[in-house]
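# Coordinate inspection notes
Each chain, written out:
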Amino acid sequence: MEYTQQPKVSTPLPNRGGAGGEAKQIAILGSTGSIGTQALQVIAEHPDRFEARVLTANNRWELLVEQARTFKPAAVVIANDTYYPAVRDALADLPIAVYAGAEALCQVVEGDEIDIVLTAMVGFAGLPPTIAAIRAGKPIALANKETMVVAGELINGLCRQYQVPILPVDSEHSAIFQSIMGEVSPIEKIILTASGGPFRTFTREQLETVTPAMALKHPNWDMGAKITIDSASMMNKGFEVIEAKWLFGVEPDRIQVVVHPQSVVHSAVQFADGAVKAQLGVPDMRVPIQLAFSFPERLQSTFDRLDWYAMHDLTFERPDTDRFRCLALAYESLRQGGNMPCIVNAANEIVNRAFLDGRCRFLEMPDIIEQTMQRTPFIKTPSYEDYLATDAEARRIAAGLILPSK
Ligand code: NAD
Ligand code: MG
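Residues numbered from 1 in each chain as written. Chains lettered and ligands numbered in written order. Predicted model: local features only at pLDDT ≥ 70, side-chain atom pairs only at ≥ 80, totals over all residues. Heavy atoms only, no water.

### Digging into the overall build of the protein
On a plain count of helices and strands, the protein comes out with 16 helices and 11 strands. Over its C-alpha trace the protein gives a radius of gyration of 21 Å, about what one expects of a compact globule, namely 22 Å for 406 residues. Oriented by its inertia axes, the alpha-carbon framework of the protein measures out at about 55 × 50 × 40 Å. Restricting to contacts in the protein with at least 6 residues of sequence separation, those with at least 24 account for 70%. Put simply, the protein shows about 17600 Å² of open surface, and 51% of that area lies on carbon and sulfur atoms. Across the protein, 37 positive and 48 negative side-chain charges occur, with their mean positions spaced 2 Å apart. (Helix = DSSP H or I, 4+ residues; strand = E, 2+ residues; numbered from the N terminus. Rg over C-alpha atoms; globule rule 2.2 N^0.38 Å. Contact = heavy atoms within 4.5 Å. Areas by Shrake-Rupley, 256 points an atom, 1.4 Å probe, with all protein chains shown as cover. Lys, Arg positive; Asp, Glu negative; His and termini not counted. Charge placed at Lys NZ, Arg CZ, Asp CG, Glu CD.)

Laid out in structure tokens, this is it:
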């Protein structure tokens, strides 16, 4: 088969000609997604500051080719290697190395020339290349929250060992990060805001019959399908609690989720004297992406500004964990620790997909996750290999709990 002839990743990556200078060299894992395409907009706005050195995608090979022709990276990786010949042929006239497969994702981030790696892949698949990037000493702009959910402790240990910073891209975590910039005192409490998603006001009865199409209509953010479903179930907020614990070293009982449907206050931090600092802005992921790239500087942007006279009612509510049980399950997994958040993540990836495909109802998602938590072997101090095995086993168990008739 033709795709078995893919070249091995060679470092240094080929010289891209005319590049270099002061521009930061960025590798984007998942350049064809919602975060990836917005990151490319940020790079396009600041060609003197940023250059796309590596672009990668899973299936959308045509968009990857188009991006490569525009941004002229040194290398691209198509993770789904069946598309390798198509990408190679489409870029044959350019000095761009074309690689394929999951392993190439891990190798390509190690290139000497890369200054920062944006992890904009979705799901557990983001874990191995993130670890490879940390081991190669690359600062991480972290969008792929599943990495921290699954293996936050392991990632933190590696970051300490290799002295690698993680710059949060998730809007809430960027807001927390911005709120503690310049502070020397500890955080008393994190106020993690949540939009509440499209079903915030739905009764349990209404939630029985919601469809994927309804869940995909997020009121404030235009995101990839997986995170949009997670936002509707509020598993996304549960994952963000876990992400916040590992990024900021704050225990879950001091992370308060507050539903704020307008998504203007992106999150806040309370200090020992009772003072609260928050970061506000229009909902636009390019702001945290750009800051992760430019930190500690802030760069000029053309993005929309807040209109203070138009914000008549900013509201804040308590989340309802009876209707949105996924949020409670995420807290519970953090309380149990070990590989439990990894189990929840794996089960969630299965039910998320099943709900999108019409094989699982909305309210069945937390039931299946909870049963998977009970049935998957618990490991108190998991190794990297344990996480890989747990992910596979929890997926198998969750998939088995989805009724085939649905
Ligand atoms: P998306 O589905 O729009 O894009 C995902 C990208 O990852 C695509 O480029 C796809 O080709 C690639 N990809 C998917 N599976 C892969 C695999 N197995 N191997 C290699 N590449 C793969 O997703 P998104 O909304 O951009 O989200 C990306 C990550 O950022 C997620 O972890 C999400 O939770 C996080 N995030 C997204 C937003 C947002 O506004 N979209 C906000 C905060 C955090
Ligand atoms: Mg978020």
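### Remarks on the site of ligand 1
Around ligand 1, the surrounding shell holds 23 residues, and the nearest of these are Thr32, Ser34, Asn58, Glu146 and Gly224. At 2.9 Å from an oxygen atom of ligand 1 is found a main-chain nitrogen or oxygen belonging to Ile35. Contacts to ligand 1 include Asn58, whose backbone N or O atom sits 2.8 Å from an oxygen atom. When the free accessible area of ligand 1 is taken as 820 Å², the share hidden by the protein chains comes to 87%. Listed by contribution, the elements that provide at least two residues to the shell around ligand 1 are helix H1 (34-45) and helix H6 (145-162). By residue class, the composition of the shell around ligand 1 is 12 nonpolar, 8 polar and 3 charged. Looking at which domains feed residues into the shell around ligand 1, each of domain 1 (6-168) and domain 2 (183-282 + 307-325) supplies at least three. (Near = heavy atom within 4 Å. Polar contact = N/O pair within 3.5 Å; in protein donor to acceptor, adjacent residues only side chain to side chain. Nonpolar A, V, L, I, M, F, W, Y, C, P; charged D, E, K, R; others polar. Domains from an automatic or database assignment.)

### Overview of the coordination of the magnesium ion (ligand 2)
Each protein donor to the magnesium ion (ligand 2) is listed here as Asp170 (OD), Glu172 (OE) and Glu240 (OE); together their distances run 2.1 to 2.2 Å. All donors to the magnesium ion (ligand 2) come from one chain, and their sequence spacing reads D-x1-E-x67-E. Here Glu172, found in helix H7 (residues 171-180), pairs with Glu240, found in helix H11 (residues 235-248); they are 68 residues apart in sequence, far enough to count as distant. As far as burial versus exposure is concerned, Glu172 and Glu240 are alike and both buried. (Donors = N, O, S within 2.8 Å, 3.2 Å for Na, K, Ca; no water. Buried < 20%, exposed > 50% of the residue type's maximum accessible area, 1.4 Å probe, protein only.)

### Considering unusual backbone geometry
Backbone geometry follows two general trends: most residues other than glycine have a negative phi, and most peptide bonds adopt the trans configuration. Put simply, Phe295 and Pro296 share a cis peptide bond, and its omega is 10°. Looking at where Pro296 falls in the secondary structure, it is placed in the loop between helix H12 (286-294) and helix H13 (325-336). Despite not being glycine, Gln163 shows a phi value in the positive range, around 50°. Looking at the secondary structure, you find Gln163 in the loop between H6 and strand S7 (166-168). Judged by its relative accessible area of 71%, Gln163 is exposed. For Ser263, which is not glycine, the phi torsion reads 50° and is therefore positive.

### With respect to the packing of aromatic side chains
Across all of its chains, the model carries 5 aromatic pairs by this definition. For the ring pair Phe199 and Phe202, a centre distance of 4.9 Å and an interplane angle of 50° mean the geometry is tilted. Since its relative accessible area comes to 1%, Phe199 is described here as buried. Residue class for Phe202 comes out buried when judged on its relative accessible area of 18%. Pairing Phe355 with Phe362 gives two aromatic rings, centres 5.7 Å apart and planes at 70°, and the pair type is edge-to-face. Classification of Phe362 by relative accessible area gives buried; the value is 3%. What links up through ring pairs into an aromatic cluster is the set Phe199, Phe202, Phe355 and Phe362. (Phe/Tyr/Trp six-rings, centres within 6.5 Å; stacked < 30°, edge-to-face > 60°.)

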